[in-house]
Amino acid sequence: MKIGFVSLGCPKNLVDTEVMMGLLRARGHELTPDPRQAEVIVVNTCSFIAPAQQESVDTILEMARYKQEGAARRLIVAGCLVERFRDEIQAQIPEVDAVVGTNQVEQIAAACEGAPVAAAREPFLYHHGMPRVLASPRHYAYIKIAEGCDHPCTFCVIPQFRGAFRSRNPESVVAEAASLLAQGVREINLVGQDTTSYGQDLGLKDGLALLLERLAAVETPHRKWIRFLYAYPNRITTRLLDTLAAHDVLVKYIDMPLQHASAAVLKRMKRGASGDLFLKLIERIRRHVPGVVLRTSMIVGFPGETERDFEQLCQFVEAAGFDHLGVFAYSDEETSRSYQLDGKVPARTIYQRKRRLLAIQRRISRARNRARVGATTEVLVEGPSPESELLWQARLPGQAPEIDGVCLINDFAGAPPVAGEIRPARLTEAHDYDLVATLLEGSEEVRLPPVLRSA
Ligand code: SF4
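Bear in mind the structure is a predicted one, so any value in this text is a computation, not a measurement.

Caption draft 1: Representation of the environment of Ile143 in the model. Residue placement: Ile143 occurs in strand 6 (residues 140–144). Looking at Ile143, the relative accessible area reads 0%, which means it is buried. In this structure, the C-alpha to C-alpha distance between Ile143 and Lys12, residues 131 residues apart in sequence, is 8.2 Å.

Caption draft 2: Highlighting the packing of helix 2 (residues 50–69) against helix 3 (residues 80–92). Between helix 2 and helix 3, the shortest axis-to-axis distance is 11 Å and the interhelical angle comes to 80 degrees. Viewed along their axes, helix 2 and helix 3 adopt a mutual orientation that is roughly perpendicular. Taking contact as the criterion, the partners of Gln53, Ser56, Val57 and Ile60 in helix 2 are, on helix 3, Leu81, Arg84 and Phe85. Looking at the contact of helix 2 with helix 3 residue by residue, the classes come out as four nonpolar, two polar and one charged.

Caption draft 3: Representation of the side chain of Gln393 in the model. Note on placement: Gln393 falls in strand 15 (residues 392–395). Excluding anything up to four places from it in sequence, Gln393 contacts Val381, Glu382, Gly383, Pro384, Ser385, Pro386, Val406 and Cys407.

Caption draft 4: Expanded view of the pattern of salt bridges. Inspection of the entire model under this criterion finds 36 salt bridges. The partner of Arg214 in a salt bridge is Glu171, with the nearest N and O atoms 2.9 Å apart. With a gap of 43 residues between them, Arg214 in helix 7 (residues 207–216) and Glu171 in helix 6 (residues 170–182) connect regions that are remote in the sequence. Accessibility expressed as a relative area gives 36% for Arg214, which makes it partly exposed. Of the charged contacts in the structure, one is a salt bridge between Asp432 and Arg362, with a shortest N-O distance of 2.4 Å. A residue pair is termed long-range when its members are at least 10 positions apart, and Asp432 in the loop between strand 17 (422–430) and strand 18 (435–439) and Arg362 in helix 12 (residues 347–370) qualify at 70 residues. Salt bridges here are not isolated pairs; linked through shared partners, they connect Glu305, Glu307, Glu311, Arg353 and Arg356.

Caption draft 5: View of the site of the ligand. Contacts to the ligand come from Cys149, His151, Cys153, Phe155, Cys156, Ile158, Pro159, Gln193, Tyr232 and Arg271. In the shell around the ligand, the residues fall into seven nonpolar, two polar and one charged.

Caption draft 6: Quick look at the sheet that holds strand 6. Strand order in the open sheet formed by three strands is 6-9-10, and the pairing between neighbours is parallel. Looking at the sheet topology across the chains shown, the edges are occupied by strand 6 and strand 10 (225–228). If you compare each strand with its neighbour and ignore which way they point, the axes differ by 20 degrees on average. Each of strand 6 and strand 9 (187–191) is contacted by helix 6, which is oriented at about 170 degrees to strand 6, the strand it contacts most. Sheet contacts for helix 7: strand 9 and strand 10; angle to strand 10, the most-contacted strand, approximately 165 degrees.

Conventions used here
Residues numbered from 1 in each chain as written. Predicted model: local features only at pLDDT ≥ 70, side-chain atom pairs only at ≥ 80, totals over all residues. Heavy atoms only, no water. Helix = DSSP H or I, 4+ residues; strand = E, 2+ residues; numbered from the N terminus. Buried < 20%, exposed > 50% of the residue type's maximum accessible area, 1.4 Å probe, protein only. Axes fitted to C-alpha atoms, helices over the stretch in contact; angles between N-to-C directions. Parallel < 35°, antiparallel > 145°, perpendicular 65-115°, else oblique. Contact = heavy atoms within 4.5 Å. Nonpolar A, V, L, I, M, F, W, Y, C, P; charged D, E, K, R; others polar. Salt bridge = Lys/Arg side-chain N within 4 Å of Asp/Glu carboxyl O. Near = heavy atom within 4 Å. Pairing = 2+ DSSP bridges.

Honestly, it's all geometry; don't read function into it.
This is how it looks when you write it as structure tokens:
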């Protein structure tokens, strides 16, 4: 059968999609990117906040039209929306033939082939022995090193449908990384709800640092980048920072969602700490890992957030000077604990606060980019730019895929750019989020001083 996938949500969900595609291909099914050609369409959904749920429902209804008009005979819904609204989906969208929850990934073939979908017997976590078809461009891939989460953040419903925290076996992660690198992947991005808790359930102390050391040691004929995303602030240890600083192939990049900076708001979020403590943490990180690039994300409009709390958040963001910052409007999820809290912030105020914080960060990002002009750094060449056929797109080590700005290549010395190569480049221009560079002579084996590697 020809099967088509739509994958929504985060990289962790994308990995599930890739495993489902691998399982189906292993059973002899053919994958097609064109829903008009597909006999079966699978929508792997997201549902952590209301806008994501709406996007999932809209996509399911859009794909349902292909059942009426196109070749599609079956429509399957998978992922996080199923965990929250399994019965509602089947009752309210009759075009849906089967649903597959996040712990039923191995049942995807049964769902597509029209066989009964068995209930999950235990929480699912894939391993390196499972077939996987990469949906990301060939030069980078995500590896999910753990699933679920044990943190009590009151605004978050993810633990309700992704379950308790569970780490993959380190041997399995290392084997998967070695296999991906042997296939030509240059950049490996480690993901999980909280990568810094990796190994705690396996009895490992500083499990992420240990895992990174092993991944850094994986032999490859070419240059590689290894990055981890989704760090939890109070799990960033000196051992982890020293490991990051010690290994050339570990990208000097820390993605650490802080969510807020007002101690009062962080307390109601059940995350603790404060802006002052976070500034000390950031100072420690920058001292241990020179040239490190910092990304964070914040929530505005959390119940009880006063104008003074918001001002504290703005002052903190000004003082911290993040390279990248995402801002989420608080989403009042019915099954979250914060839903019970008083002091709900009006939608208009939430909207204005989001705009104000983004405007502050745009200015900071522009200034940080301008300070880089003239520097030489290495870049991962991605391919022709979707913006213009006159440009190529690349990324600096400090630019993670899909969430950060990019580096546009408008000139090159020596050989023309090749997608997937890591090569030196000189930064020539800065924009609010993106940079522009000239690709320099020489291959990825050109040794650049560490500080220029992380720009
Ligand atoms: S750490 Fe992240 S996934 Fe876990 S409960 Fe908090 S916000 Fe949700």
